[in-house]
Amino acid sequence: MAEGYHPPVEEYLEAISELADEGTPVIQARIAERLGRSAPSVSEMLERLAEDGYVRRRGRVIELTPAGRQLADSVVRKHRLAERLLVDVIGLPWHLAHEEAGRWEHVISDQVEARLVELLGNPSTCPHGNPIPGAPAPEEPQVPLSEVVPGERVRLARITEAVELDLAALRYLDEHGLVPGRDLEVLERGPDGTTTVAHEGGSAALGPGLCCQLYVSRPALDGAGRPLGVVGSAR
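Now for a look at the structure at hand. Keep in mind that this is a model prediction, so the values were computed, not measured.

1. What about the overall build of the protein?
Thought 1: Each helix and strand counted, the protein has 9 helices and 8 strands in total.
Thought 2: Relative to the globule expectation of 18 Å for 235 residues, the C-alpha radius of gyration of the protein, 19 Å, shows essentially globular dimensions.
Thought 3: With 235 residues in all, the protein has 45% of them scored as buried.
Thought 4: Here the analysis covers contacts within the protein between residues at least 6 apart in sequence; of these, 64% occur between residues at least 24 apart.
Thought 5: Put simply, the protein has 24 plus and 37 minus side-chain charges, and the middle of one group is 2 Å from the middle of the other.

2. Considerations on the environment of Pro-127
Thought 1: Structurally, Pro-127 is set in the loop between helix H6 (110-120) and strand S3 (143-144).
Thought 2: With a relative accessible area of 8%, Pro-127 lands in the buried category.
Thought 3: In the structure, Pro-127 is positioned 54 residues away from Gly-181 in sequence and 9.9 Å away in space, judged by C-alpha atoms.
Thought 4: Not counting the four nearest positions on each side in its chain, Pro-127 is found in contact with Glu-83, Arg-84, Val-87, Trp-94 and Pro-180.

3. Examining unusual backbone geometry
Thought 1: Within the chain, Asn-122 stands out as a residue other than glycine whose phi angle is a positive 50 degrees.
Thought 2: For Asn-122, the position within the fold is in the loop between H6 and S3.

4. Some remarks on H6
Thought 1: All of the buried residues along H6 are Glu-113, Leu-116, Val-117 and Leu-120. For H6, the arc enclosing every buried residue in end-on projection is 100 degrees, short of the 170-degree limit, so these residues lie on one face. Across from the buried face of H6, at angles greater than 90 degrees, the exposed residues are Gln-111, Arg-115, Glu-118 and Leu-119.
Thought 2: Against helix H4 (66-90) lie the buried residues of H6.
Thought 3: Of the residues one or two after H6, Gly-121 is the one with positive phi, at around 80 degrees.

5. Structural notes on the sheet that holds strand S5 (residues 183-189)
Thought 1: One open sheet holds the 6 strands; their spatial order is S3-S8-S4-S5-S6-S7, and the pairing between them is antiparallel. With partners counted over all chains shown, the strands left at the sheet margins are S3 and strand S7 (202-206), one partner each.
Thought 2: In this structure, strand S4 (residues 153-159) lies alongside S5, joined through 3 bridges in antiparallel fashion. In the strand pairing of S5, Arg-155 is matched with Asp-183.
Thought 3: Lying on the sheet, helix H8 (residues 167-175) is in contact with S4, S7 and strand S8 (214-217); it crosses S7 at an angle near 155 degrees.

6. Comments concerning H8
Thought 1: Turning to H8, its buried residues number three or more, namely Ala-169, Leu-170, Leu-173 and Asp-174. All buried residues of H8 lie within an arc of 135 degrees about the axis, which places them on one face of the element. Every exposed residue of H8 that faces more than 90 degrees away from the buried side is listed here: Ala-168 and Glu-175.
Thought 2: The elements touched by buried residues of H8 are S4, helix H7 (161-164), S7, helix H9 (208-211) and S8.
Thought 3: Phi turns positive, to about 70 degrees, at Gly-177, one or two residues after H8.

7. Observations concerning the state of the cysteines
Thought 1: Within this structure, the stated rule accounts for 0 disulfides.
Thought 2: For the unlinked cysteine Cys-212, the closest cysteine sulfur is that of Cys-211, found at 7.0 Å.

8. Some remarks on the packing of H4 against helix H5 (residues 97-104)
Thought 1: One way to put it is that H4 packs onto H5 with a least axis distance of 8 Å and a crossing angle of 125 degrees. Compared by their axis directions, H4 and H5 come out oblique. Seen along the crossing, H4 lies across H5 with a hand that is right-handed. Along its contact with H4, which presents His-79, Ala-82, Glu-83, Leu-85, Leu-86, Val-87 and Ile-90, the element H5 presents Ala-97, His-98, Glu-100, Ala-101, Gly-102 and Trp-104.
Thought 2: Here the residues of the contact of H4 with H5 sort into 8 nonpolar, 3 polar and 2 charged.

9. Some words on the packing of helix H1 (residues 7-21) against H4
Thought 1: Remark: H1 packs on H4, axes separated minimally by 8 Å, with the N-to-C direction vectors making an angle of 90 degrees. For the element pair H1 / H4, the angle class is roughly perpendicular. For the pair formed by H1 and H4, the contact residues are Val-9, Glu-10, Leu-13, Glu-14, Ser-17 and Asp-21 on the first element and Gly-68, Arg-69, Leu-71, Ala-72, Val-75, Val-76 and His-79 on the second.
Thought 2: Here the contact of H1 with H4 is built from residues that sort into 6 nonpolar, 3 polar and 4 charged.

What counts and what doesn't
Residues numbered from 1 in each chain as written. Predicted model: local features only at pLDDT ≥ 70, side-chain atom pairs only at ≥ 80, totals over all residues. Heavy atoms only, no water. Helix = DSSP H or I, 4+ residues; strand = E, 2+ residues; numbered from the N terminus. Rg over C-alpha atoms; globule rule 2.2 N^0.38 Å. Buried < 20%, exposed > 50% of the residue type's maximum accessible area, 1.4 Å probe, protein only. Contact = heavy atoms within 4.5 Å. Lys, Arg positive; Asp, Glu negative; His and termini not counted. Charge placed at Lys NZ, Arg CZ, Asp CG, Glu CD. Arc of directions from axis to C-beta. Pairing = 2+ DSSP bridges. Axes fitted to C-alpha atoms, helices over the stretch in contact; angles between N-to-C directions. Disulfide = S-S within 2.5 Å. Parallel < 35°, antiparallel > 145°, perpendicular 65-115°, else oblique. Left-handed = near helix turned anticlockwise from the far one by under 90°. Nonpolar A, V, L, I, M, F, W, Y, C, P; charged D, E, K, R; others polar.

Take a look at the structure:
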């Protein structure tokens, strides 16, 4: 953890950053919901963060200042590198990495971070497909699974932080082989928005809320309509 900072400050800045990246209006109620904190405690911390120059308010909306964004990116970067280490090197189950990395992100020094980047080969994303700040950005555009029409073939690219906080949802995705890099075919979408997808290992039904939090890319296809290339992260 960088000198002068402590976990509560970092957790709040990280939560604000994640909500903004997800396109969720960053208001006090959403921050309280994400962190599981009371409204008074969130209000008190936001006042402190504003006094320290890390956030500013535009009406009800909370935004990171440049200083706040810099610190938030540092925490997110260490968190997602820790997830990579836990999954790729230590072998922790994929669906458990987020919670464990939340403990590591506050104690990783800049020197250890640099060694992690070297050890892991400067990865672009965490195991859930979310981009690592400062790393090469994924090139393929992504859209929510909820926007894909039945019959289309796509590749699961990213599972948002909102889903990472839901252990039951992560377990369900893991048990059905729905991990980033998996090629999918959208079979059907029910009246309530439930979407059925299939891959070479099976099929699964996904609720409309979950579909909005799963981002997919449209890979290049061969002459038979099959995705080109092999993605090593899918299993």
